[in-house]
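# Structural overview
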Amino acid sequence: MNTALDQLAAQLEEWDPLDILRWADKTYGVGLVLASSFGAEDMVLVDMWIQVNPHPTIFYLDTGLLFTETYQLIRRVEQHYRVQTIRVATSLTLEEQAGHYGEALWSTNPDHCCTLRKVQPLQQYLADKTAWITGIRRDQTVQRRHAAVIAYDARYHLIKINPLVRWNERDVFRYLVRHQVPYNPLHDCGYPSIGCMPCTHAIKPGDDPRSGRWAGQEKTECGLHL
Ligand code: SF4
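Being a predicted model, the structure only gives us computed values, none of them experimental.

## So, the UniProt feature "binding site: [4Fe-4S] cluster" (unreviewed entry) in the chain
Residues annotated in UniProt with the feature "binding site: [4Fe-4S] cluster" (unreviewed entry) correspond here to Cys-113, Cys-114, Cys-196 and Cys-199. Considering the C-alpha atoms alone, the annotated residues occupy 87 residues of sequence yet fold into one spot, their largest mutual distance being 11.0 Å. By the element assignment, Cys-113 lies in helix 7 (residues 110-126). On the basis of relative accessible area, Cys-113 is assigned to the buried category, the value being 7%. Non-local contacts of Cys-113, meaning those with residues more than four positions away in its chain, are made with Gln-97, Leu-105, Trp-106 and Lys-118. Within the secondary structure layout, Cys-196 lies in the segment after helix 8 (169-178). With sequence-adjacent residues up to four places away left out, Cys-196 is seen in contact with Thr-63, Leu-65, Leu-66, Phe-67 and Lys-118.

## Details of the packing of aromatic side chains
Tallying each qualifying case throughout the model produces seven aromatic pairs. Ring geometry for Phe-38 versus Tyr-60: centroids 5.8 Å apart, planes at 70°, classification edge-to-face. Here Phe-38 is found in the loop between strand 1 (32-35) and helix 3 (40-52), whereas its partner Tyr-60 is found in strand 2 (residues 58-61), with 22 residues between them in sequence. The aromatic ring of Tyr-125 is capped on one face by Lys-129, whose charged end is 3.9 Å from the ring centroid.

## Some thoughts on the packing of helix 3 against helix 4 (residues 68-81)
A pair of packed helices is characterised by two quantities: the angle between their axes and the separation of those axes. The contact between helix 3 and helix 4 brings their axes to 12 Å, and the two run at 15°. By the criterion of interaxial angle, the relationship of helix 3 to helix 4 is roughly parallel. Remark: the crossing between helix 3 and helix 4 carries right-handed chirality. Of the residues in helix 4, those in contact with Met-43, Val-46, Asp-47 and Ile-50 of helix 3 are Leu-73, Val-77 and Tyr-81.

## Observations concerning the packing of helix 5 (residues 94-101) against helix 7
Running from N to C, helix 5 and helix 7 cross one another at 140°; their axes reach a closest spacing of 12 Å. With respect to their mutual orientation, helix 5 and helix 7 come out oblique. Here helix 5 and helix 7 pass one another in a crossing that is right-handed. Every residue of helix 7 that contacts helix 5 at Leu-94, Gln-97 and Tyr-101 is listed here: His-112, Cys-113, Leu-116 and Arg-117. Of the residues contributing to the contact of helix 5 with helix 7, the split by class is four nonpolar, two polar and one charged.

## Some thoughts on the pattern of salt bridges
If you walk through the whole model with that rule in mind, you get nine salt bridges. As a salt-bridge pair, Arg-138 and Glu-13 come within 2.8 Å of each other at their nearest N and O atoms. Linking Arg-138 in the loop between strand 4 (131-133) and strand 5 (150-153) with Glu-13 in the loop between helix 1 (4-12) and helix 2 (17-28), this pair joins segments that are 125 residues apart in sequence. Relative accessible area serves as the criterion here: at 22%, Arg-138 is assigned to the partly exposed category. Here Arg-22 ties to Asp-19 by a salt bridge, and the two come within 2.7 Å at their closest N and O atoms. Taken together, the residues span about one helical turn, with Arg-22 and Asp-19 both in helix 2 at a distance of three residues. Asp-19 sits in the partly exposed class, given a relative accessible area of 34%.

## Regarding the sheet that holds strand 1
The six strands are arranged 3-2-1-4-6-5 in an open sheet whose pairing can be described as mixed. Strands at the two margins of the open sheet, each flanked by one partner only, are strand 3 (86-88) and strand 5. Across the sheet, the mean angle separating the axes of adjacent strands is 30° when strand polarity is ignored. As defined by bridge partners, strand 5 adjoins strand 6 (residues 158-161) across four bridges and the pair is classed as antiparallel. Note that in strand 6 the partner of Ile-150 across the bridge is Ile-161. Together, strand 1, strand 2, strand 3, strand 4 and strand 6 form the strand contacts of helix 7, whose direction differs from that of strand 2 by roughly 155°.

## A short note on the environment of Pro-205
Here Pro-205 shows up in the segment after helix 8. Taking the C-alpha atoms as reference, Pro-205 lies 7.6 Å from Gly-190; in sequence the two are 15 residues apart.

Each value, and the rule that gives it
Residues numbered from 1 in each chain as written. Predicted model: local features only at pLDDT ≥ 70, side-chain atom pairs only at ≥ 80, totals over all residues. Heavy atoms only, no water. UniProt positions renumbered as here; feature names shortened; annotations may be inferred. Helix = DSSP H or I, 4+ residues; strand = E, 2+ residues; numbered from the N terminus. Buried < 20%, exposed > 50% of the residue type's maximum accessible area, 1.4 Å probe, protein only. Contact = heavy atoms within 4.5 Å. Phe/Tyr/Trp six-rings, centres within 6.5 Å; stacked < 30°, edge-to-face > 60°. Lys NZ or Arg CZ within 6 Å of the ring centre and 35° of its normal. Axes fitted to C-alpha atoms, helices over the stretch in contact; angles between N-to-C directions. Parallel < 35°, antiparallel > 145°, perpendicular 65-115°, else oblique. Left-handed = near helix turned anticlockwise from the far one by under 90°. Nonpolar A, V, L, I, M, F, W, Y, C, P; charged D, E, K, R; others polar. Salt bridge = Lys/Arg side-chain N within 4 Å of Asp/Glu carboxyl O. Pairing = 2+ DSSP bridges.

Structure representation (structure tokens):
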């Protein structure tokens with residue numbers, strides 16, 4: 001069935017990401033939030049949204065296992081753009097997690113680890129929001145191949161907006177360089193996709209850009225976008 005939202009998605013498909021953000025900001029107001037891992041795509045969105053709204057709501061999921069470079073980038077972003085980011089995290093400490101489920105749950109059961117440390121905190125945070133922005137691109141994974149610019153996110157019960165779905169990695173880095181946007185230095189060290197330390201590894205030139213995430217396992221998504 002072709003719903004009004006599908007028609008809107010078809011319309012927005014032709015729009016520039018900055019115009020999509022401008023429209024989203026105007027349409028959803030204070031209920032609109034940006035989920036940022038401070039990866040390259042999210043840095044594009046941070047830079048763009050701030051052009052539209054100097055007080056955007058930017059949050060990140062702090063699993064307690066992010067790279068030092070990521071934590072440093074968060075502080076740098078806050079200083080550079082003069083914004084305060086929102087830390088979203090489970091109250092379950094890593095020690096408690098190990099006590100309940102065993103050491104290194106990310107190795108024995110990464111799906112459960114992601115559920116505890118990412119999906120559940122995200123569900124709680126999004127519960128009173130009306131729309132969230134993400135940096136997913138269609139060319140990143142098979143699961144993202146049919147992502148729309150805008151859709152109803154039945155899992156979290158709000159609108160999901162993906163302004164960069166049509167972009168590729170080159171578009172992203174071209175923007176970062178052209179606009180002198182701060183980005184995670186790990187991107188220059190073989191990490192095209194950066195998540196938690198235990199589940200992210202450097203890749204070699206020519207490898208699948210997502211192959212450094214959960215290497216050696218079937219898992220390709222943390223569950224946030226499924
Ligand atoms: S990415 Fe790895 S360490 Fe992070 S929450 Fe998921 S399984 Fe746990």
